[in-house]
Amino acid sequence: MPRISVHDFYDHVLSHYGDTAEGLHYQSASSQQTRFRVLRELLPEDLSGLTLADLGCGFGDFLLYLQEHGEAPGGYIGIDLHERMVEVARERTGAEIRQADVLSDPLPPADWYVCSGALNNLTLEETREAVGRCYAAARTGFAFNLLHGKDNSQTFNYRQPAEVEAWAAELGAAVTIVDGYLHRDFSAALVKPGA
């Protein structure tokens, strides 16, 4: 079980900040864009023939970011636990948006899975399980970000790049880590052999 109720956490944040980047608990729209830029750099150069599944899609902002930069994927599936986020994402993007829990619901197949921020309220074991489930559902790979630091918070999930490298080794995945772009944040891409 997550260390906090993710649903209640986002109910609280949304009630204060509304349908904004801050309402998704990013520090700012700028930090959200920075995370998106790094995730985009971890994906293949040409997305036009690929389907992306966006775990914790929030309001569909990553898809909108890609579209604004002329890099829309061939297909997109947004996945989020919170019904308000699903509703807003459907309105804003017109894309397929599913309400689902990464830890218990079936995940749709996609070429790549991406996740920005949605792993930050899980426990260590839940994070490992979520990473494994997304990697298994992806035909090619999974790109995601995590908070970087010691895991001593009662609210957020902090990890070390070495932990992700160990998970990648267990999965037989090639791994790329990007660090240093934001304070206490890092991103990773796990890619399947031969991809």
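Residues numbered from 1 in each chain as written. Predicted model: local features only at pLDDT ≥ 70, side-chain atom pairs only at ≥ 80, totals over all residues. Heavy atoms only, no water.

What follows deals with the pairing of strand S4 (residues 110-115). Most of S4 sits inside the fold, with six of its six residues counted as buried. Direction of pairing for strand S1 (residues 51-55) relative to S4: parallel, over a ladder of four bridges. Its bridge partner lying in S4, Asp54 is registered against Val114. Summarising the sheet, S4 and strand S5 (residues 138-148) pair through five bridges and their orientation is parallel. Bridge assignment links Trp112 to a residue of S5, and that residue is Gly141. As a crossover connection, the stretch from S4 through helix H5 (residues 124-137) into S5 is right-handed. (Buried < 20%, exposed > 50% of the residue type's maximum accessible area, 1.4 Å probe, protein only. Helix = DSSP H or I, 4+ residues; strand = E, 2+ residues; numbered from the N terminus. Pairing = 2+ DSSP bridges. Right-handed = clockwise from strand over helix to strand, strands pointing away.)

This brings us to the pattern of salt bridges. Applying the stated criterion across every chain yields a total of 10 salt bridges. One salt bridge connects Glu96 with Arg98, and the closest N-O pair in it is separated by 2.7 Å. Assessed through its relative accessible area of 34%, Arg98 is described here as partly exposed. The partner of Arg139 in a salt bridge is Asp111, with the nearest N and O atoms 3.0 Å apart. (Salt bridge = Lys/Arg side-chain N within 4 Å of Asp/Glu carboxyl O.)

Below, the discussion takes up the environment of Ala168. Checked against the element boundaries, Ala168 lands in helix H6 (residues 161-171). You can call Ala168 buried: its relative accessible area is 1%. Separated by 24 residues in sequence, Ala168 and Lys192 have C-alpha atoms that sit 9.6 Å apart. In this structure Ala168 touches Ala173, Val175 and Leu190, once residues within four positions along its chain are discounted. (Contact = heavy atoms within 4.5 Å.)

Generally speaking, nonpolar side chains in soluble globular proteins are found buried as a group. Judged by nonpolar contacts, the single largest core of 28 residues is most densely connected at Tyr113, Leu119, Phe144, Val164 and Leu190. When contributions to this core are tallied by element, the ones reaching two or more residues are S1, strand S2 (75-80), S4, H5, S5, H6 and strand S8 (185-191). No other element matches the five residues that H5 contributes to this core. Tyr113 has contacts with Ala53, Ile79, Leu107, Pro108, Cys134, Ala137, Ala138, Gly141, Phe142 and Ala143, leaving out every residue within four places of it along the chain. (Core = buried A, V, L, I, M, F, W, Y, C linked by side-chain atoms within 4.5 Å.)

Scanning the model with the defined rule gives four aromatic pairs in all. Look at Phe62 and Tyr65: their rings are 6.3 Å apart centre to centre, the planes differ by 10°, and that puts the pair in the stacked class. Separated by three residues within a single helix, Phe62 and Tyr65 lie in helix H3 (residues 61-68), roughly one turn from each other. For Phe62, a relative accessible area of 2% translates into the label buried. Residue class for Tyr65 comes out buried when judged on its relative accessible area of 8%. Three or more aromatic residues link up through ring pairs in this structure, and these residues are Phe36, Phe62 and Tyr65. Lying across the ring of Tyr135, Lys192 places its NZ or CZ 5.0 Å from the centre. (Phe/Tyr/Trp six-rings, centres within 6.5 Å; stacked < 30°, edge-to-face > 60°. Lys NZ or Arg CZ within 6 Å of the ring centre and 35° of its normal.)

This part takes up the environment of Leu55. Structurally, the position occupied by Leu55 is in strand S1. As for Leu55 and Ser116, which are separated by 61 residues in sequence, their C-alpha atoms are 7.7 Å apart. For Leu55, the contacting residues outside a window of four places in its chain are Ile79, Val102, Val114, Cys115, Ser116, Ala118, Leu119 and Cys134.

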